[in-house]
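Fold and contact review
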Amino acid sequence: MTLTRIIAVVMAAASLAQGAASPVQAESAGAYLAARQAGYDNNFAAAAEYYVQALTRDLNNPGLMEAAVVSTLGLGDVARSETIATRFSDKGFEGQVPQMVLLATAAQRGDWAGVLSRIEAKAGAGPLVDGLLGAWARVGQGQMSEALKAFDAVAEQRGLEAFALYHKALALASAGDFEGAEAIFANPRTAPLMLTRRAVMVRSLVLGQLGRGAEAQAIFDDSFGSDLDPELKLMRDFLASGEAAPFTILRSATDGAAEVFFTVASALSSDAGDDYTLLYARLAEYLRPDHVEALLLSARLLDGLEQFDLAVTAYRRVPADHPSIHAAELGRAEALRRTGKVDAAVEVLLALTKSHGDLAVVHVTLGDVMRQLERYDDAAESYSKAMAIYGAPQPEQWFVYYARAIAYERQGKWPEAEADFRQALLLNPDQPQILNYLGYSLVEKNEKLEEALEMIQRAVALRPDSGYILDSLGWALYRLGKYDEAVGHMERAAELMAVDPVVNDHLGDVLWAVGRKREAEFQWRRALSFVDKANDSGDVDPERMRRKLEVGLDQVLKEEGAPPLKVANGTGGN
């Protein structure tokens, strides 16, 4: 769902709520259309600016007001969002997103009576958000007994039980009732939420407070294994020390309100659109600016929406001394890379190799960027450093061997490349990328052709609609002199990758080999038209294509000292 689609939904809802359409006035139409276009691009900054402009000419349009609230909230400008949402509410309009903003801003100020009055007015943020925020408002008022009853009331609603019990446990833990919190965490009814990283961390802290550190470690290890990031390692070490870590993961009712929005955002992240999920994540980080998981979630969502500059800003808000700073910097590097600022991305990653050089993922990520820059020697070196940290090869490390193999192959270090390809294949025997790359490389080198053909055939069986793999199969058959068999596969590859110069060049060679010379020449000309020198991977040889058009493939092979084509099985050219 794009930002425009979300805004269309809320504008329609706003119109229905008022019982009549709310057309945009002619004088604001230009700004409105510009805002909609910005929404198609998920450009929150431009959409917010244009919707606010449209509102200055059409002050009482509920659809424009709600659209402006959505855009400014997605941008992270909660202050401006609140101003518009307040006007929206004062006019008697109802809408989910403005209600969420007003509930959050009231909670941030500690106005718990205001939170409860809005919820009791049924303004409409939804039963889960309203129910949980209402319970936390009771906590904020010091009415813990009433709060626990409110959590229980939410739990009685269909599909909301696990969320309500989890937040009830958080409230008990924040009040120092760790036994009560653990009783809830141990309840099978909370199991759906206990699979999340944050829930496991919370429960581990609770068990530590109860002097049950060994049990906490066991849960921790079952959930995360032994390959821990710095934040998890820090907590694991604390648990192993036998000391009880302070329960700072949630310190107040306002933190509880932040947790409501973060919990919903986390639940939505696998099912809803990134732009809709972002609205909840933004409110979580607004209510608790040091909620690093919310910051990282917002940044990842912005990255998914291709709002890379906003993502970079979100990643930079993670404090430099936080244990998860490496995750933020890795995300920032990726966002910079995707904006074309590859040198800046490299700078971030090189700094990480100094501050977090003991993390294999840092070296793997740097290797990937170096490979993109065609700095294959640097890429191979980075992958090698990652492997040294990993130790004994594990199945999940197949890609690192595969990537280093490509780096070696591009440097002309074929023995090293082949060894890594085969190691990757041992770790992941049915991975079509490995089968295809190794098989194709062997074909290109005219080595072990029968084995190469078998690898590529396995890859095709796994990915029958991959143009790259079908091209490899057709090319392997061509190399083996099985020209008639090669034609169909190569034609299908050209259908799937119609503008790929390598595929079209290969198809031309195969067609020539079966005597279809005019068609071959047509394909070579097509291949030449698709050559992009600015993005030449080194696999395309336009001069060879031109020479084939001049003298034919047979003469080119003779000039190269290559074996001649076998006698074609077909009946001749056309």
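Parameters at a glance
- Residues numbered from 1 in each chain as written.
- Predicted model: local features only at pLDDT ≥ 70, side-chain atom pairs only at ≥ 80, totals over all residues.
- Heavy atoms only, no water.
- Salt bridge = Lys/Arg side-chain N within 4 Å of Asp/Glu carboxyl O.
- Helix = DSSP H or I, 4+ residues; strand = E, 2+ residues; numbered from the N terminus.
- Buried < 20%, exposed > 50% of the residue type's maximum accessible area, 1.4 Å probe, protein only.
- pLDDT = per-residue confidence, 0-100.
- Contact = heavy atoms within 4.5 Å.
- Axes fitted to C-alpha atoms, helices over the stretch in contact; angles between N-to-C directions.
- Left-handed = near helix turned anticlockwise from the far one by under 90°.
- Nonpolar A, V, L, I, M, F, W, Y, C, P; charged D, E, K, R; others polar.
- Expected span 1.5 Å × (residues − 1).
- Phe/Tyr/Trp six-rings, centres within 6.5 Å; stacked < 30°, edge-to-face > 60°.
- Core = buried A, V, L, I, M, F, W, Y, C linked by side-chain atoms within 4.5 Å.

**Description of the pattern of salt bridges**
A complete count under the given rule lists 46 salt bridges for this structure. A salt bridge links E182 to R212; the nearest nitrogen and oxygen atoms lie 3.9 Å apart. On the criterion of sequence distance, the pair formed by E182 in helix α11 (residues 178–185) and R212 in the loop between α12 (197–209) and α13 (213–224) is long-range, its members being 30 residues apart. Assessed through its relative accessible area of 31%, R212 is described here as partly exposed. For E543, the salt bridge identified is with R546, shortest N-O distance 2.7 Å. On the criterion of helical spacing, the pair formed by E543 and R546 is a turn pair, its members being three residues apart in helix α31 (residues 542–551). Taken together, the shared-partner salt bridges connect D505, D509, R544, K548 and E560 into one network.

**Here we look at the confidence of the model for the chain**
As a general rule, the predicted coordinates of low-pLDDT regions are not to be interpreted in detail. Per-residue confidence for the chain gives a mean pLDDT of 88; residues scoring 70 or more make up 91%. pLDDT under 50 marks residues 568–574. Its contacts with residues more than four places away, or in other chains, come to 16 contacts.

**A closer look at the packing of helix α10 (residues 161–174) against helix α15 (residues 253–268)**
The interhelical angle for the contact between α10 and α15, taken along N-to-C directions, is 150 degrees, at an axis separation of 11 Å. Crossing hand, α10 versus α15: right-handed. The segment α10 lies against α15, with F163, Y166, H167 and L170 engaging G256, E259, V260, T263 and A267. Among the residues forming the contact of α10 with α15, the class breakdown is five nonpolar, three polar and one charged.

**Considerations on the side chain of D500**
Among the secondary structure elements, D500 is positioned in the loop between α28 (483–496) and α29 (501–513). Residues in contact with D500, not counting those within four places in the same chain, are Y468 and F530.

**Examining helix α3 (residues 44–57)**
Taking 1.5 Å per residue, 14 residues should reach 20 Å; α3 reaches 20 Å between its end C-alpha atoms and fits that length. Turning to α3, its buried residues number three or more, namely F44, A46, A47, A48, Y51, A54 and L55.

**With respect to the packing of aromatic side chains**
Under the criterion given, the structure shown has 17 aromatic pairs. Measuring from centroid to centroid gives 5.9 Å for W398 and Y402, while their planes differ by 50 degrees, and the two rings are tilted. Of the two residues, W398 and Y402 both sit in helix α23 (residues 398–410), four residues apart, roughly one turn of that helix. Y402 carries the same exposure label as W398, and that label is buried.

**Regarding the nonpolar core**
Of all hydrophobic cores here, the largest spans 196 residues; its most connected members are W136, F247, F261, F421 and Y478. The element that contributes the greatest number of residues to this core is α10, accounting for ten residues.

**Side note on the environment of V52**
Relative to the helices and strands, V52 is located in helix α3. The exposure class assigned to V52 is partly exposed, which follows from its relative accessible area of 22%. Residues V52 and G515, spaced 463 residues apart in sequence, show a C-alpha to C-alpha distance of 67 Å. Each residue touching V52, except ones within four places of it in the same chain, is listed here: R80 and I84.

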